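# Residue-level structural notes
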Amino acid sequence: MGISLSILVIGLSYFANAHTEDEKTHPNIILMVMDDLGFNDVPWHDHSNTQMPFLENFVNEQALKIDTFYAMPLCSMTRSALLTGRYPMRYGLQSSVVENSYPFGLSTFETIITHDFKSHGYDTYMVGKWHLGFHREDLTPLNRGFDEFRGSL
């Protein structure tokens, strides 16, 4: 039986002239969210025979490991909590996934992390599943602070 993964990758990069000093003050940031993945489904928890050599190497050598449960067990709730820094029940996304037929999404009144990064000179990129609303143009990633987006809404 395979593992079903949905990966959201937010890549942030800072472009400047003096690389060494700016890399210390504005490092490149890659934020990865893997929903539908159990705690013991990854090899770095020593309970899985799943092989993820690139991610395993990255986690062991370069990443900040965060091994706890932070938001909710479904994608829309987890993504909205991560991007806003707030619990999903504060803005009404605590009960289900934002599906194709739903006429709502993450409120445009919510400030998300991309705005903070942009104000500090970062470019923002997203690859993966959005699932935070798309029935109106202003709810989509390119209108929520991402410079580039590749994935499904």
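Note that the structure is a prediction, hence the values are computed from the model and not measured.

## A look at the packing of aromatic side chains
Going through the model one piece at a time under the given rule, you end up with 3 aromatic pairs. Geometrically, the ring pair formed by Phe117 and Tyr122 is edge-to-face, given 5.2 Å between the ring centres and 80 degrees between the ring planes. Judged on exposure class, the residue Phe117 and its partner Tyr122 are both buried. Where Trp130 meets Phe146, the ring centres are 6.1 Å apart and the plane angle is 85 degrees; that geometry is what we call edge-to-face.

## Considerations on the nonpolar core
Considering soluble globular proteins, one finds that nonpolar side chains tend to be buried as a cluster. Of all hydrophobic cores here, the largest spans 12 residues; its members are Ala81, Leu83, Tyr91, Leu93, Val98, Leu106, Ile112, Met126, Trp130, Leu132, Phe146 and Phe149. Apart from residues no more than four positions distant in its own chain, Tyr91 is found in contact with Ser80, Ala81, Thr84, Arg86, Leu106 and Glu110. In this structure, Val42, Met52, Leu55 and Val59 belong to the second largest nonpolar core, which totals 5 residues.

## Examining the side chain of Ser80
Along the chain, Ser80 falls in helix α3 (residues 75-84). Look at Ser80 and you get buried, because its relative accessible area is 0%. Of note is the side chain of Ser80, whose polar atom sits 3.0 Å from the backbone oxygen of Met77. Other than its neighbours up to four places away in sequence, Ser80 contacts Gly85, Pro88, Tyr91, Leu93, Leu106 and Leu132.

## Brief notes about the environment of Ser119
For Ser119, the position within the fold is in helix α4 (residues 113-119). What makes Ser119 exposed here is its relative accessible area of 55%. Within the structure, Ser119 has its side chain in polar contact with the backbone oxygen of Asp116 (distance 2.7 Å).

About the cut-offs
- Residues numbered from 1 in each chain as written.
- Predicted model: local features only at pLDDT ≥ 70, side-chain atom pairs only at ≥ 80, totals over all residues.
- Heavy atoms only, no water.
- Phe/Tyr/Trp six-rings, centres within 6.5 Å; stacked < 30°, edge-to-face > 60°.
- Buried < 20%, exposed > 50% of the residue type's maximum accessible area, 1.4 Å probe, protein only.
- Core = buried A, V, L, I, M, F, W, Y, C linked by side-chain atoms within 4.5 Å.
- Contact = heavy atoms within 4.5 Å.
- Helix = DSSP H or I, 4+ residues; strand = E, 2+ residues; numbered from the N terminus.
- Polar contact = N/O pair within 3.5 Å; in protein donor to acceptor, adjacent residues only side chain to side chain.

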